[in-house]
Amino acid sequence: MIRPRLSVVIPVFNEAETIPELDRRLKALFLGLASLGGSWETVFVDDGSHDGSAALLEELARAEPRYKIIGFSRNFGHQIAITAGLDRADGDAVVVMDADLQDPPEVVQLMLDKVAEGFDVVYGVRKRRQAETVFKRATAAIFYRLIRAMTRVEIPADAGDFRLMTRPVVLALRALREQHRFVRGMVAWVGFRQTAVYYDREARFAGETKYPLRKMLRFAVDGITSFSVVPLRMATYLGLFAGSAAVLVGIWLFFVKVLNLGSVPGWMSIMVAVTFGFSAQLVMTGILGEYIGRIYEEIKRRPLYIANRETNLAPIERDVALSRRAGPDIDGH
Ligand code: UDP
Ligand code: MG
């Protein structure tokens, strides 16, 4: 098979309202990119949609063989859907883009210009996020600052998963098969020459966000635990702090007693110390649990997703695409 020059990977979860417009904008983009000579593909990953998105995509793919579809057996989540797309995208350059047109397809041209300058990863940085709620912007700002403070990989602030990667980067990413995936961090981790292009994040074309607060929080915890063990170390700092405080209080009590400065009222201070210590211990146990749970899920070595439908895709090359890692079979061979 001849490799396309450009692949676009699009995770789709209940985007039926947007798909016709997405189709128009994509085709306009590909027509505009004359240098491609029509050598492109789009890999839609249907992440268990139940609003007719799958049927719409199938219909488009019947008329356009360069539209390819991977259909999941259920909803596996945005980051896993991106992973499946990257597993099967064959292009010399691969762009990951949301289905809701918040990532304007027209920016791809700017990204390709950067590749011509010799960059391997071009991520889109949001100049204005006018369309998003104050809450989303504020939590995103806190999250990116937090994760940058806690990790050594340079995860760009205000960049989502909208990015272009050249094939070597995509091949490198395919080797990372961890269960809890924070794709933008993983792209930062693999390295290569990276740069940014700036764009205005538009409002969602139609429909609601598929990221309610619950998913956002899980995503944030995945991001931090995937790239940092600083939270585990907090137990040490907290312990040292509580220990020093106890010593100081002890010294103070000793002098009160020896110099006979009166009696120390006890109940309040004991209650405060006990509840502080107790909650600190529970919080630390919870953090330990987050990491241990991740070890448990990793050790099961389950596949990252189950795809039960494919359209217009070449048969899987068994080497990398779906095998989780190279290693002995279960019976040791
Ligand atoms: N998405 C997905 N699976 C999910 C949630 C979202 O494939 O479980 C897709 C969704 O269809 C969209 C992209 O991921 O193409 C980003 O989702 P959304 O726009 O809802 O997130 P937001 O932009 O609000 O952060
Ligand atoms: Mg969106």
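Residues numbered from 1 in each chain as written. Chains lettered and ligands numbered in written order. Predicted model: local features only at pLDDT ≥ 70, side-chain atom pairs only at ≥ 80, totals over all residues. Heavy atoms only, no water.

### What about the site of ligand 1?
Selection criterion: Here, proximity means that at least one heavy atom of the residue falls within 4 Å of the molecule or strand. To be clear on the numbers: accessible area is Shrake-Rupley with a 1.4 Å probe, and residue cover counts the displayed protein chains and nothing else.
As a structural note, the neighbourhood of ligand 1 is formed by 19 residues, with Glu15, Asp47, Asp100, Thr209 and Lys210 the closest of them. Out of a free accessible area of 530 Å², ligand 1 has 95% covered by protein chains.

### With respect to the coordination of the magnesium ion (ligand 2)
Rule in force here: As a rule, N, O and S atoms within 2.8 Å of a metal are its donors, except that Na, K and Ca use 3.2 Å; water is not among the atoms, so sites may look incomplete. Between buried and exposed lies partly exposed: a residue is buried under 20% and exposed over 50% of the maximum accessible area for its type, with that area taken using a 1.4 Å probe on protein chains only.
Here the magnesium ion (ligand 2) is held by Asp100 (OD) and Gln102 (OE1), and the distances to it run 1.9 to 2.0 Å. Summarising the burial analysis for this pair, Asp100 and Gln102 share the class buried.

### Quick word on the nonpolar core
Just so we agree on the cut-off: Only buried Ala, Val, Leu, Ile, Met, Phe, Trp, Tyr and Cys residues count toward a nonpolar core, and they belong to the same one when joined by side-chain atoms within 4.5 Å.
Grouped together as the largest cluster of nonpolar side chains are 44 residues, with contacts concentrated most on Phe72, Leu86, Met165 and Leu173. Within the second largest apolar cluster, 32 residues are counted, among which are Phe30, Trp40, Ala99 and Leu164.

### Some remarks on the confidence of the model for the chain
Definition in use: A score between 0 and 100, pLDDT records how confident the predictor is in each residue. Throughout, a residue-residue contact means that at least one pair of heavy atoms, one from each residue, lies within 4.5 Å.
This prediction gives the chain a mean pLDDT of 86; 93% of its residues lie at or above 70. Contacts of residues 320-333 to residues separated by more than four positions or lying in other chains number 22 contacts, the stretch itself having pLDDT below 50.

### Considerations on the sheet that holds strand β6 (residues 159-166)
Sheet strands associate in pairs through backbone hydrogen bonding, adopting either a parallel or an antiparallel arrangement. Convention followed: Paired strands, as defined in this entry, are two strands with at least two bridges between them according to DSSP. Helix and strand assignments come from DSSP, with helices taken as H or I runs of at least 4 residues and strands as E runs of at least 2, each series counted from the N terminus. Note on geometry: axes are lines fitted to C-alpha atoms, helical ones only across the stretch in contact, with angles between N-to-C directions running from 0 to 180 degrees.
Within the open sheet, the eight strands sit side by side as β7-β5-β6-β4-β1-β2-β3-β8. Their pairing is mixed. Two strands bound the open sheet, and with one partner strand each, they are β7 (194-199) and β8 (307-311). Ignoring which end each strand starts from, the neighbouring axes of this sheet average 20 degrees apart. Sheet analysis places strand β2 (residues 40-46) next to strand β3 (residues 67-72), joined by five bridges and oriented parallel. What sits directly across from Thr42, in β3, is Tyr67. Relative to the sheet, helix α6 (residues 167-174) contacts β4 (93-96), β5 (121-126) and β6, its axis offset from that of β6 by approximately 115 degrees.

### As for the pairing of strand β1 (residues 6-12)
Counting buried positions over the seven residues of β1 gives seven, a clear majority of the element. Side chains of β1 alternate between two faces, with Leu6, Val8, Ile10 and Val12 and Ser7, Val9 and Pro11 buried alike. Judged from the seven bridges that link them, β1 and β2 form a sheet pairing that is parallel. Across the sheet, Leu6 pairs through a bridge with Trp40, a residue of β2.

### What to know about a nonpolar patch on the surface
Applicable threshold: Like-charged residues within 9 Å of one another, or nonpolar side chains (Val, Leu, Ile, Met, Phe, Trp, Tyr) within 5 Å, are grouped into patches, provided each residue has over 30% relative accessible area and no salt bridge. The rule for a salt bridge is simple: a side-chain nitrogen of Lys or Arg has to be within 4 Å of a carboxyl oxygen of Asp or Glu.
Together, Val247, Leu248, Ile251, Phe254, Phe255, Val258, Leu259 and Leu261 make up a nonpolar patch on the protein surface, roughly 830 Å² of accessible area in all. Among the secondary structure elements, Phe254 is positioned in helix α9 (residues 230-258). On the basis of relative accessibility, which here comes to 52%, the residue Phe254 falls in the exposed class.

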